[in-house]
Amino acid sequence: RLRRKTSRFSFVYAACWSAAAWHHRQLLPAAHAFVSAYAYAISCENYHQHQLQTSSKIRSGWGHHGTSGTQQQSQGRRTFGVKQLNSSSSSTRQFLTRNDADNESTRMHAFETWRDGSEEVISKCVLPLSSKSHKGSSGRIGVLGGSAQFTGAPYYAAMASLKAGADLAFVFCAEEACLPIKCYSPELMVTSIYSASKFDELVETNRLESDEANKLVNKMVKKVTRMMNRLHVLIIGPGLGRCPLVFTAVTQIIREARSQGIPLVLDADALFLLTQEESYQNGLFHEPNCSTPYILTPNVVEYNRLVESMPAEDYWKDAIICKKGAVDEIVHAASSAEPLRCSEAGGLKRSGGIGDVLAGTTGTLVAWNQIMSQQQNADTTSKDLPLACWSACCFVKQATGRAYKVHGRAMTAPDVLDSLGPTVNELTNV
């Protein structure tokens, strides 16, 4: 419709300018005004045609992620898992396209920046503040991560969840990480769930199957699962480490969380866990009657690793994948709808910890989704959860852009954290 009308608009636009000049008895300026205005209108037409062509190209594939290498990797894949691991496998080629998306989900993919649909997104994804609220009613977030080596990542994730608007954040970590994280902020409730030194000793002496190892693993699992009834969402992965015994415990924790209907956000080392041998994978998402959603937040490298290790076509049927990049892309594995794309500008600095900030922010939006579903007594989770993840991407992108404008090359994750709260307030009209 734009292409049909633009040429006609160009002539009318130019004629109006020339008529105005003619009205003032200026013949030469009238001719000049007509030519200049017509040329300007034609340039606008060419620009809009270019935009339409570009949008068409983007919708035909994963989109542009800022680097040529990523573009080459993304060719031929429209949604997660569409990459043909075996060209002779028709079931793999049909993965993730077996269900038709509803009209609303199809329409949502047109949103690429917050400005495109802010009012609708706020109504669906942002929990309203109320004078009747109590402590915890805006979200109770759990973060499972933090090892002897990595203490910053769980802090960033937990603090981001609070800065985005959650009320309470719990961190479950190694004993060696407990004190440092507590010292980072008094806002976080930090619990030690295992001893990294004891786990390392068992691994080094090859006693992974010993009674002592099983006892310590079970103890770790119980310390987390007994808190699940207090959580709206559990984020797993930031600073988790790759200890085999920790992975064994996390496998059981994931299974228990899904059985209790607690949404999961899996990031960093939790994504690495998903790529390991079948002894781990079979224990994660094997329940056929469980439809509890979970969110994966891989970067380009993690995404490709996940695709290569995908064990079966229906393995990720409940997953929502948020692929991070210059343009973030969010897709529901059970839907054939086009991916949601977040094209917010962000910043040029890629400092460590921003992915953890996104994981925490996503956790808050997922918690709000759960709370709003309970308040409305309706199952809106499967419909609005991808949009909630998209909102988290918008928040973090804009917060990163704001921090980058101030700090430039010196920008770090704490700067993004400082910008996150004001950004969320501004975008949600608080």
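Keep in mind that this is a model prediction, so the values were computed, not measured. (Residues numbered from 1 in each chain as written. Predicted model: local features only at pLDDT ≥ 70, side-chain atom pairs only at ≥ 80, totals over all residues. Heavy atoms only, no water.)

**Student:** Tell me what's going on with the packing of helix α10 (residues 211-225) against helix α11 (residues 244-259), and back it up with residues and numbers.
**Tutor:** One can describe the packing of α10 onto α11 by two numbers: an axis separation of 9 Å at closest approach and a directional angle of 40 degrees. By the angle between their axes, α10 is oblique relative to α11. Crossing geometry of α10 relative to α11 is assigned as right-handed. Contact with α10, carried on its side by Ala213, Val217, Asn218, Met220, Val221, Val224 and Thr225, involves Leu245, Val246, Thr248, Ala249, Val250, Gln252, Ile253 and Glu256 of α11 and no other residues of that element. (Axes fitted to C-alpha atoms, helices over the stretch in contact; angles between N-to-C directions. Helix = DSSP H or I, 4+ residues; strand = E, 2+ residues; numbered from the N terminus. Parallel < 35°, antiparallel > 145°, perpendicular 65-115°, else oblique. Left-handed = near helix turned anticlockwise from the far one by under 90°. Contact = heavy atoms within 4.5 Å.)

**Student:** Describe in detail the state of the cysteines, supporting the description with residues and values.
**Tutor:** All chains considered together, the criterion is met by zero disulfides. Just so you know, Cys183 is unpaired, no disulfide at all, and the nearest cysteine sulfur is the one on Cys178, 9.4 Å from it. (Disulfide = S-S within 2.5 Å.)

**Student:** Go over the pattern of salt bridges with me, naming the residues and quoting the values.
**Tutor:** Under the definition given, this model contains seven salt bridges. Note that Asp269 and Arg242 form a salt bridge whose closest N and O atoms lie 3.2 Å from each other. Highlighted residues: Asp269 in helix α12 (residues 269-274) and Arg242 in the loop between β4 (233-236) and α11, separated in sequence by 27 residues. Residue Asp269 is classed as buried on the basis of its relative accessible area, which comes to 11%. Owing to a relative accessible area of 47%, Arg242 belongs among the partly exposed residues under this scheme. Between Asp267 and Lys324 there is a salt bridge whose closest N-O contact spans 3.5 Å. Here Asp267 is found in the loop between β5 (264-266) and α12, whereas its partner Lys324 is found in the loop between β7 (319-323) and β8 (328-332), with 57 residues between them in sequence. The class of Asp267 is buried, set by a relative accessible area of 2%. (Salt bridge = Lys/Arg side-chain N within 4 Å of Asp/Glu carboxyl O. Buried < 20%, exposed > 50% of the residue type's maximum accessible area, 1.4 Å probe, protein only.)

**Student:** Now, about the nonpolar core: what can you tell me, with residues and values included?
**Tutor:** Formed by 64 residues in total, the largest nonpolar core has its most connected members in Trp114, Val171, Leu188, Ile330, Val357, Trp390 and Leu420. The element best represented in this core is helix α16 (residues 381-407), accounting for 12 residues. Leaving out residues up to four positions away in the same chain, Leu420 has contacts with Ala160, Lys163, Ala164, Val357, Thr361, Phe395 and Ala399. Ranked by size, the runner-up nonpolar core spans 48 residues in total, among them Phe199, Ala213, Ile236 and Phe247. (Core = buried A, V, L, I, M, F, W, Y, C linked by side-chain atoms within 4.5 Å.)

**Student:** Before we move on, could you go through helix α14 (residues 300-308) and cite the residues and values that matter?
**Tutor:** Among all positions in α14, only Val300, Glu302, Tyr303, Asn304, Leu306 and Val307 are buried. Measuring from the side-chain oxygen of the N-cap residue of α14 to the backbone nitrogen of Val301 gives 3.2 Å; that N-cap residue is Asn299. (Polar contact = N/O pair within 3.5 Å; in protein donor to acceptor, adjacent residues only side chain to side chain.)

**Student:** Just give me the short version of the side chain of Thr364, but keep the residues and values in it.
**Tutor:** By the secondary structure assignment, Thr364 is in helix α15 (residues 354-375). Of the residues examined, Thr364 reaches a relative accessible area of 0% and is grouped as buried. Leaving out residues up to four positions away in the same chain, Thr364 has contacts with Ile141, Ser161, Ala164, Gly165 and Ala166.

**Student:** So what's going on with unusual backbone geometry? Which residues, and what values?
**Tutor:** You will see that Asn206, though not glycine, has its phi angle at about 60 degrees, which is positive. At Ala268, a residue that is not glycine, the phi angle is positive and equals roughly 55 degrees. For Ala268, the position within the fold is in the loop between β5 and α12.

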